[in-house]
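# Summary of structural features
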Amino acid sequence: MSRPDVIVIGGGIAGAGTALYLARDGVRVTLVEAAVIGGGASGANAGSLHAQIPHDPFRNLGPAWAGAFQPVVTLLARSLGLWRDLEADLGCDLEIAFGGGVMVGATPGEMEEIAAKADVERAAGLDVELLGRDALRARAPYLAETALGGAFCAIEGKANPMRVAPAYAAAARAAGVTIVAGQGPAAIARTRQGYAVTTGERVIEADRLVIAAGGATGALAAQLGADLAITSTPIQVCVTEPAAPFVPHLVYCAGEKLSLKQSRVGSILIGGGWDARLDDRGRPVVDAANLAANLRVAMRIVPGIAGLNLVRSWAAMVNGTDDWLPIIGELPQAPGAFINYVPWLGFSGGPAAARLTADLVQGKPPSLDVPLASFAPRQPSAG
């Protein structure tokens, strides 16, 4: 195996996407994945393509947080633009659909919050339409009569998460990327010329390094002296048997935790960030009480799902930061080492984050109009 210019650690959307875009720019890349391509959060999420600000932190963290989050709205909007062409770009059916997203409000207070949030989103360039009761009923007649109104964002949608990272990896391999997977966690060391990554019994050296490993990003960056304050939380999702199409939108709820969408085959995917639990080996498993609570919320908002059988539920780790801001850029402690990490909304933001990281690694101007300075890794303060 010839010496690459760049090693990318992580075989999800972030890592495989970064590797692909680098290779297309003529950079020699080796991608290292500890387990299987797309086996982490990239393949285990519910497949939502978000652009709106999540309502729960907007409510709980306040206006200052929302203002700081505005650059993320821009990142997500640019990323959804890439999602629109992703099937043609990767030559693969990813079950992408853009029916728009509906944030539902059930009380006057929730409607006031939705309107305030829409002001922040519009300031970031996102087109959000406020809907009263009648307009919401006309747009989404499947919603419960208790819905007072909501907000509609036309660019939101859904995709099949199990297909995306493998499609990125296949395209990367076709573009010349060497993929080394299944050798267990990587170890990073500094060298005179750059970085050495040990995976299994193999040592790979390169001038530059990208860490795009989801929940493992913090531990890998710590090997280079960086504290990224990344967290991992177990959450759960469930899916019903197929039904005739009746929910064309990505559905949110302002007052309670819910995301709901209908797949191409008719199954209803239900989530919203409900906590799972960890078993005695530290693996995420479904919490039955939270599953029941999630289903009660879903049936209250979309009554038409009540007669459907649940066929599967699963738990996975979602990766986050306390401020919800991505970390994209070069580590100040380790020149030539870059981070590509989008918390909470990494599936939606992955394509744009990958394209921008590839630009940064090459020292190129950003391909997308995104305020990257907001996401730069910070040097820890002294003391």
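Everything that follows concerns the structure shown earlier in this document.
Just so it is clear, the structure is predicted and the values come from calculations on it, not from any experiment.

As a further point, take the sheet that holds strand β10 (residues 195-199). An order of β9-β10-β11 is seen for the 3 strands of this open sheet, with the pairing classed as antiparallel. The open sheet is flanked by β9 (187-190) and β11 (202-206), the only strands paired with a single partner. Here the strands of the sheet are splayed against their neighbours by 25° on average, with no regard to which way each runs. Inspection of the sheet shows β10 paired to β11 by 5 bridges, in the antiparallel sense. The residue bridging A196 from the neighbouring strand is E205, located in β11.

The next thing to look at is the side chain of H249. Relative to the elements of secondary structure, H249 occurs in the loop between β13 (231-240) and β14 (250-253). Of the residues examined, H249 reaches a relative accessible area of 5% and is grouped as buried. Only 2.7 Å separates the side chain of H249 from the side chain of Y142, close enough to count as a polar contact. Setting aside residues up to four positions removed in sequence, H249 forms contacts with G99, G100, V102, R139, A140, Y142, F152, L260 and K261.

Look at helix α1 (residues 13-24) against helix α10 (residues 346-362): their axes get within 8 Å of each other, and the N-to-C directions meet at 40°. The orientation of α1 with respect to α10, classified from their angle, is oblique. Where α1 crosses over α10, the two elements pack in a sense that is right-handed. Each of I13, A14, G17, T18, Y21 and L22 in α1 lies in contact with α10, whose residues at this interface are F347, G350, P351, A354, R355, T357, A358, V361 and Q362. The residue inventory of the contact of α1 with α10, partitioned by class, reads 9 nonpolar, 5 polar and 1 charged.

Time to look at the side chain of Q262. Its place among the elements puts Q262 in strand β15 (residues 259-262). You can call Q262 buried: its relative accessible area is 3%. A polar contact is formed between the side chain of Q262 and the backbone oxygen of G266, at a distance of 2.9 Å.

Here is what the cut-offs are and how they apply
Residues numbered from 1 in each chain as written. Predicted model: local features only at pLDDT ≥ 70, side-chain atom pairs only at ≥ 80, totals over all residues. Heavy atoms only, no water. Pairing = 2+ DSSP bridges. Helix = DSSP H or I, 4+ residues; strand = E, 2+ residues; numbered from the N terminus. Axes fitted to C-alpha atoms, helices over the stretch in contact; angles between N-to-C directions. Buried < 20%, exposed > 50% of the residue type's maximum accessible area, 1.4 Å probe, protein only. Polar contact = N/O pair within 3.5 Å; in protein donor to acceptor, adjacent residues only side chain to side chain. Contact = heavy atoms within 4.5 Å. Parallel < 35°, antiparallel > 145°, perpendicular 65-115°, else oblique. Left-handed = near helix turned anticlockwise from the far one by under 90°. Nonpolar A, V, L, I, M, F, W, Y, C, P; charged D, E, K, R; others polar.

Keep in mind these values describe shape, not function.
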